[in-house]
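# Chains, contacts and geometry: an overview
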Amino acid sequence: MNKVLIIGSGFSSHQVSDYDYKLNGWEIVVINNGWMACPDIFDYHIYPNDYIRDREKICKYLPHQKHFVYTQDDLSPYGGQTACGKSATLNISYAVLRRLNPRMIGYLGCDMNYTPTEDGSTSIYGIGFDVKTHKIPDPDKMVNLFGKNDPDYLRTIYTRFSTISQQHNCEVYNFSSDTKTRLPYQQVHPKDIDYESQ
């Protein structure tokens, strides 16, 4: 079974070390700065064309690691940018669905929970780029700009992806234990999913 773990830069991305994904047959896709949670074991680094990387801190790709920018070609089979939403996590999810054809997708570090830690960090790399530059997290900015302040906007666009995934025989799960997650997928532990799929 083709299984893909998608890792963002939220705090739950560190949970990748709590389970041996590689031993259990998972391919690992990291989004933007999510590579910092597992620099040696990810398989794909996917990002939008406006992803700004600090050249001093950029990850050093290992021979088995591939990286690419997702494009509109990744979204067009599923309705295009407007229908798929502006979320990098969602756009990359559609790219994963199209390019890797998984039967299962799990998420870590994609909780959209920007509660700061004691030092003010809102992500694994410090204060999130969106929070630092726009004073508002990207998901909330999307609700304002594209969801017209609809409080259900995020749930709607993320649920749309899970529905389309199921139509392609792919189930989606949230592997994060974050109690404040806004990712509207069933929260489970990967070991339970792997056990059930055997």
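Just so we're clear, the structure is a prediction, and the values are computed from it rather than from any experiment.

### With respect to the packing of helix α3 (residues 88-100) against helix α6 (residues 153-167)
Where α3 meets α6, the closest approach of the two axes is 11 Å, and the angle between their N-to-C directions is 5 degrees. Relative to α6, the element α3 lies roughly parallel. Between α3 and α6, the contacting residues are Thr89, Leu90, Ser93, Tyr94 and Leu97 on the first element and Ile157, Tyr158, Arg160, Phe161, Ile164 and Ser165 on the second. Split into classes, the residues belonging to the contact of α3 with α6 amount to seven nonpolar, three polar and one charged.

### Some points on the sheet that holds strand β3 (residues 44-47)
The strand order across the open sheet built from six strands is β4-β3-β2-β1-β5-β6, with neighbouring strands paired in parallel fashion. A single partner strand is all that each edge strand has here, and the edge strands are β4 (66-69) and β6 (171-174). Within the sheet, the average angular offset between the axes of one strand and its neighbour, ignoring direction, is 20 degrees. In terms of strand pairing, β3 meets β4 through four bridges, oriented parallel. Residue His45 lies in a different strand from β4, and its bridge partner there is His67. The sheet contacts of α3 involve β1 (3-7), β2 (26-31), β3, β4 and β5 (104-108), and relative to β2 the element is tilted by about 145 degrees. Its contacts with the sheet put α6 on β5 and β6, and the angle it makes with β6 is roughly 140 degrees.

### Observations concerning α3
With 13 residues, α3 should reach 18 Å at 1.5 Å per residue; the first-to-last C-alpha distance of 17 Å fits that figure. Regarding α3, the residues found buried are Thr89, Leu90, Asn91, Ile92, Ser93, Tyr94, Ala95, Val96, Leu97 and Leu100. Taking the backbone nitrogen of Thr89 as reference, a side-chain oxygen 3.2 Å away marks Ser87 as the first, capping residue of α3. Looking one or two residues beyond α3, the residue adopting positive phi is Asn101, at roughly 50 degrees.

### Notes on the side chain of Ser123
Among the structural elements, Ser123 can be located in the loop between β5 and α4 (129-134). Apart from residues no more than four positions distant in its own chain, Ser123 is found in contact with Ser9, Phe11 and Gly128.

### Some details on the packing of aromatic side chains
What the rule picks out here adds up to 11 aromatic pairs. The interplanar angle of 85 degrees and the centroid separation of 4.8 Å between the aromatic rings of Tyr94 and Phe161 together place this pair among those described as edge-to-face. Of this pair, Tyr94 sits in helix α3 while Phe161 sits in helix α6, and the two are 67 residues apart along the sequence. Considered together, Tyr94 and Phe161 belong to a single accessibility category, that of buried residues. Taken together, Tyr19, Tyr21, Trp26 and Phe175 form an aromatic cluster joined through their ring pairs.

### Description of the pairing of β5
In terms of residue burial, β5 counts as a mostly covered element, since five of its five residues are buried. A two-sided burial pattern is seen for β5, the buried positions comprising Met104, Gly106 and Leu108 on one face and Ile105 and Tyr107 on the other. For β1 and β5, the ladder comprises five bridges, and the chain directions are parallel. Pairing of Val4 across the sheet is with Ile105, part of β5.

### Examining the pattern of salt bridges
Here the structure, examined in full by the defined rule, presents five salt bridges. Here Asp43 makes a salt bridge to Lys22, at a shortest N to O gap of 2.5 Å. Note that Asp43 is positioned in the loop between β2 and β3 and Lys22 in the loop between β1 and β2, a separation of 21 residues in sequence. On the basis of relative accessible area, Asp43 is assigned to the buried category, the value being 12%. Arg98 serves as the salt-bridge partner of Asp74, at 2.6 Å between the closest nitrogen and oxygen. One end of the pair, Asp74, is in helix α1 (residues 72-75); the other, Arg98, is in helix α3, with 24 residues separating them in the sequence. Judged by relative accessible area, which is 39%, Arg98 ranks as partly exposed. The structure contains a network of salt bridges with shared partners spanning Asp74, Arg98 and Arg99.

What counts, and at which threshold
Residues numbered from 1 in each chain as written. Predicted model: local features only at pLDDT ≥ 70, side-chain atom pairs only at ≥ 80, totals over all residues. Heavy atoms only, no water. Axes fitted to C-alpha atoms, helices over the stretch in contact; angles between N-to-C directions. Helix = DSSP H or I, 4+ residues; strand = E, 2+ residues; numbered from the N terminus. Parallel < 35°, antiparallel > 145°, perpendicular 65-115°, else oblique. Contact = heavy atoms within 4.5 Å. Nonpolar A, V, L, I, M, F, W, Y, C, P; charged D, E, K, R; others polar. Pairing = 2+ DSSP bridges. Expected span 1.5 Å × (residues − 1). Buried < 20%, exposed > 50% of the residue type's maximum accessible area, 1.4 Å probe, protein only. Polar contact = N/O pair within 3.5 Å; in protein donor to acceptor, adjacent residues only side chain to side chain. Phe/Tyr/Trp six-rings, centres within 6.5 Å; stacked < 30°, edge-to-face > 60°. Salt bridge = Lys/Arg side-chain N within 4 Å of Asp/Glu carboxyl O.

Just geometry here; none of it tells us what the structure is for.
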